Amino acid sequence: MTYPTFPSDCTSMLCRFLTPEVFEALKDKKTANGFTLEQAINSGVVNPDSGIGVYAGDEESYTLFAPLFDPIIEAYHGFGKEQKHQSDLNPDHLNAPNPDPEGEFILSTRIRVGRNVAGLPLGPAISKSQRNEVEASVVEGLESMTGALEGTYYPLLGMSKSVQEQLIKDHFLFKEGDRFLEAAGLNRDWPEGRGIYHNHDKTFLVWVNEEDEMRIISMQPGGDIKEVFTRLVTAINAIGEKVPFAFSEHLGYITSCPTNLGTAMRASVHIALPKLARDMDAFKAITEKYHLQIRGIHGEHSESEGGVYDISNRRRLGITEVQAVQDMYDGVSALIAAEKAL
Ligand code: ADP
Ligand code: CIR
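Scope of this entry: the structure provided in the associated data block. (Residues numbered from 1 in each chain as written. Chains lettered and ligands numbered in written order. Predicted model: local features only at pLDDT ≥ 70, side-chain atom pairs only at ≥ 80, totals over all residues. Heavy atoms only, no water.)

1. Some thoughts on the overall build of the protein
Phase 1 of the analysis: Along its length, the protein carries 11 helices and 10 strands.
Phase 2 of the analysis: The C-alpha atoms of the protein give 20 Å as radius of gyration, which agrees with the globular expectation for 342 residues (20 Å, within 12%).
Phase 3 of the analysis: Across the 342 residues of the protein, 55% fall into the buried class.
Phase 4 of the analysis: Within the protein, contacts between residues separated by at least 24 positions form 72% of all contacts whose residues are at least 6 apart in sequence.
Phase 5 of the analysis: Carbon and sulfur atoms provide 50% of the accessible area of the protein, an area that totals close to 14,600 Å².
Phase 6 of the analysis: For the protein, the distance from the average site of its 32 positive side-chain charges to the average site of its 49 negative ones is 2 Å. (Helix = DSSP H or I, 4+ residues; strand = E, 2+ residues; numbered from the N terminus. Rg over C-alpha atoms; globule rule 2.2 N^0.38 Å. Buried < 20%, exposed > 50% of the residue type's maximum accessible area, 1.4 Å probe, protein only. Contact = heavy atoms within 4.5 Å. Areas by Shrake-Rupley, 256 points an atom, 1.4 Å probe, with all protein chains shown as cover. Lys, Arg positive; Asp, Glu negative; His and termini not counted. Charge placed at Lys NZ, Arg CZ, Asp CG, Glu CD.)

2. Thoughts on the side chain of Arg316
Phase 1 of the analysis: Turning to its location among the elements, Arg316 is positioned in the loop between strand E10 (308-313) and helix H11 (321-341).
Phase 2 of the analysis: Despite its burial, Arg316 remains without a salt bridge, the nearest opposite charge being carried by Glu300 at 6.5 Å.
Phase 3 of the analysis: Only 3.4 Å separates the side chain of Arg316 from the side chain of Tyr76, close enough to count as a polar contact.
Phase 4 of the analysis: Of note is the side chain of Arg316, whose polar atom sits 3.2 Å from the backbone oxygen of Asn313. (Salt bridge = Lys/Arg side-chain N within 4 Å of Asp/Glu carboxyl O. Polar contact = N/O pair within 3.5 Å; in protein donor to acceptor, adjacent residues only side chain to side chain.)

3. Considerations on the site of ligand 2
Phase 1 of the analysis: Around ligand 2, the neighbouring residues are Ser50, Gly51, Ile52, Gly53, Tyr55, Phe180, Glu211, Cys257, Thr259, Asn260, Glu300 and His301.
Phase 2 of the analysis: Within the side chain of Glu211, a nitrogen or oxygen atom sits 3.2 Å from a nitrogen atom of ligand 2.
Phase 3 of the analysis: Within the side chain of Asn260, an N or O atom sits 3.5 Å from an oxygen atom of ligand 2.
Phase 4 of the analysis: In isolation ligand 2 has 340 Å² of accessible area, and contact with the protein removes 94% of it.
Phase 5 of the analysis: Taken together, domain 1 (13-77) and domain 2 (91-341) each give at least three residues to the shell around ligand 2, which thus spans both. (Near = heavy atom within 4 Å. Domains from an automatic or database assignment.)

4. A word on the sheet that holds strand E5 (residues 214-221)
Phase 1 of the analysis: Pairing is antiparallel across the open sheet formed by 8 strands, whose spatial order is E2-E3-E4-E5-E1-E8-E10-E9. The open sheet has two free edges, formed respectively by strand E2 (151-155) and strand E9 (292-295), since each of these has just one partner strand. The mean inter-strand angle of the sheet, taken between neighbouring strand axes irrespective of direction, is 20°.
Phase 2 of the analysis: Note: E2 against strand E3 (residues 195-199), 5 bridges, orientation antiparallel. Residue pairing in the sheet places Pro155 in a bridge with Gly195 of E3. (Pairing = 2+ DSSP bridges. Axes fitted to C-alpha atoms, helices over the stretch in contact; angles between N-to-C directions.)

5. Focus: the site of ligand 1
Phase 1 of the analysis: Ser108, Arg112, Arg266, Ser268 and Arg295 are the nearest of the 18 residues found near ligand 1.
Phase 2 of the analysis: In the complex, the protein chains occlude 93% of the 560 Å² of accessible area that ligand 1 would expose alone.
Phase 3 of the analysis: Put simply, the parts of the chain that give the shell around ligand 1 at least two residues each are strand E1 (106-115), E5 and strand E8 (265-272).
Phase 4 of the analysis: Class assignment of the residues belonging to the shell around ligand 1 gives a composition of 4 nonpolar, 7 polar and 7 charged. (Nonpolar A, V, L, I, M, F, W, Y, C, P; charged D, E, K, R; others polar.)

6. Looking at unusual backbone geometry
Trans peptide bonds make up the majority, and among non-glycine residues the majority have a negative phi.
Phase 1 of the analysis: Cis geometry is adopted by the peptide bond preceding Pro191, which originates at Trp190 and carries an omega value of 0°.
Phase 2 of the analysis: The residue Pro191 is located in the loop between helix H8 (179-183) and E3 in this model.

So yeah, pure geometry; function would need other evidence.
Okay, here's the thing in structure tokens:
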């Protein structure tokens, strides 16, 4: 493999941090699962418009390819090599009364975490049989859920296109054919081994074998962030009793994308800010101050529609889950105040 060429306007973290020296030092290394640098960087090489451009094939990728991953982790999360990650999933520690009790701005709230099974490769390096084993064990765990978490697993294999499209449109299911995941090797053997579990109300959902082996999701209409967080924590604890999660003292929960390490949590609202949207500089000044990310209405790499945005915490590592939600809450409260003032 030779040093990849990037277009001159490339701004991804891969182009920034994959210097010829780093490339030379890492190009012949392979993890115990056989995952190579070439595989780790393929998504960002094929998609030079990536924000990040790298994926890990296993926990070992983060140490073996540290000269590439460490600066990316530091730049994205502001998390240094010597730091330790701390978890806090206690809803009593969260101070987040509904920032929009009249329901004028917030359409819905969603909090998700990524989780992977301890001791197995991550999605970019997993084999077909290992992926199917993950599906079987996660589904077995989910089918023992009771009460408000009780629901049904719907495998993608055999799901009708119209049901699949409706679930995607309604923001419940992951999309198909994502080019970033495709180039990372995450769509191999599609749709086998993938699926979605949800409770009857679709307020608790689990994506199986998408970018991570599990995406555990709590969501509902409106802005009651604490209720969403509390349900999520109950679900994480219940699933964690059945399936051991990959976790490291340094990096927290291990995920395939380095942006998701640590809490692996993205807490978001869909929020209508039509006035603020006319002044994107003022909008972005607030989101930067509160460490927030702006996404479009159909998730990452999508556009806003009708002044509605997906606003979420950007940092996930080196802060606790409570702090990640607090980042979102504080920032969303400031955005609402700014929208009201206009
Ligand atoms: P993820 O959050 O899992 O990294 P995406 O950005 O692709 O992934 O979003 C996944 C789906 O969740 C998309 O359909 C997106 O519109 C939906 N979504 C995200 N936040 C919310 C929210 N607050 N309310 C409703 N749907 C949401
Ligand atoms: C990119 O580099 O733009 C994609 N690989 C997505 C990076 C962040 N995505 C994520 O956290 N899921």
